[in-house]
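Structural description and commentary
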Amino acid sequence: MRLAHADVIVSLFIDPDARQIDAAITAGAPVIELHTGCYADAETFTQQQQELVRLQQAAQYAAQAGLQVNAGHGLNFANVETICRIPQITELNIGHSIIAQAIFSGLAETVMRLKETMLRARLGI
C-alpha cells in the first residue's frame, strides 16, 4: 500500500491461477502479468491448448475483478498471435526473442515486424 500511496504502479508476475489472482487482489496490486511460459514451452498442441485455456480464463477472471492484465515469458513470432487474441490482455512483455531475432534482422525491423504481427492478430486479420 505504501507504493500505491507514492503513485508507484505495482505489477505482480503470476501464474494463470485464480488463487494467485486472488492473492494479487488481496495485496492491492492493480496490475498482474500472467506467466505465459508453460504455454510457450508446451511440447504438444494439446498441452499448448490447455495452457491457452488457463490463460484465457485467468485473464477474464482478473479483468472482471478490475485488474489490468498483462502477459509475458517465452513469447515469440511463432506463438504470440494466439495470446494477442485474448481481449483482456493489455500489454505483452517480450524481450528475449526480440533481441535474438534482432541479431539477424536489426532491432528496428524486428520490433516493427513483431508489432505488425501482434496488431494483425488483435484485429483478427
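About the cut-offs
Positions within a chain are numbered from 1, following the residues in the order the chain's sequence is written. The predicted nature of this model means local features are confined to residues of pLDDT at least 70 and side-chain atom pairs, given and counted, to a pLDDT of 80 or more, with totals for whole chains, interfaces and linings taken over all residues. To obtain the side-chain values, all non-hydrogen atoms of the structure were included, while hydrogens and water were left out. Counting from the N terminus, the helices are the DSSP runs of H or I reaching at least four residues and the strands are the DSSP runs of E reaching at least two. Note on exposure labels: buried denotes an accessible area under 20% of the residue type's maximum, exposed denotes more than 50%, and partly exposed covers the range between, all computed with a 1.4 Å probe on protein chains only. Strand pairing is assigned whenever DSSP identifies at least 2 bridges connecting the two strands. Lines fitted to C-alpha atoms define the axes, with helix axes restricted to the stretch in contact, and inter-axis angles between N-to-C directions lie between 0 and 180 degrees. By definition in these notes, contact holds between two residues if any of their heavy atoms fall within 4.5 Å. When the sulfur atoms of two cysteines come within 2.5 Å, that pair is taken as a disulfide. Any angle that is under 35 degrees is reported as roughly parallel, and any over 145 degrees as roughly antiparallel; angles of 65 to 115 degrees are reported as roughly perpendicular and all others as oblique. Handedness of a crossing is defined here by the sense of rotation of the near helix relative to the far one, left-handed for an anticlockwise turn of less than a right angle and right-handed for a clockwise turn. Note on residue classes: Ala, Val, Leu, Ile, Met, Phe, Trp, Tyr, Cys and Pro are nonpolar, Asp, Glu, Lys and Arg are charged, and everything else, Gly too, is polar.

1. Thoughts on unusual backbone geometry
In this structure, His73 takes a positive phi of about 120° despite not being glycine. When you line up the elements, His73 lands in the loop between β3 (68–72) and α5 (80–84). The exposure class of His73 is partly exposed, given its relative accessible area of 43%.

2. Focus on the sheet that holds strand β1 (residues 11–14)
The strand order across the open sheet built from four strands is β1-β2-β3-β4, with neighbouring strands paired in parallel fashion. Two strands close off the open sheet at either side, each with one partner strand: β1 and β4 (89–93). Between one strand axis and the next, the sheet turns by 25° as a mean value, whatever way the strands run. Looking at chain direction, β3 and β4 are connected through four bridges and run parallel. Note that in β4 the partner of Val69 across the bridge is Ile89. Contacts between helix α4 (residues 45–64) and the sheet are confined to β2 (31–35), β3 and β4, with β2 contributing the most and set at about 175° to the helix.

3. What about the state of the cysteines?
Scanning the entire structure with this criterion turns up zero disulfides. The cysteine Cys38 is free of any disulfide, with Cys84 supplying the nearest cysteine sulfur at 19 Å.

4. Digging into the packing of helix α2 (residues 18–27) against α4
Their axes nearest at 10 Å, the elements α2 and α4 cross at an angle of 25°. Classified by the interaxial angle, the pair formed by α2 and α4 is roughly parallel. Relative to α4, α2 is oriented so that their crossing is right-handed. Contacts from Ala18, Ile21 and Asp22 in α2 reach Ala58, Tyr61 and Ala62 in α4. Considered class by class, the residues forming the contact of α2 with α4 number five nonpolar, no polar and one charged.

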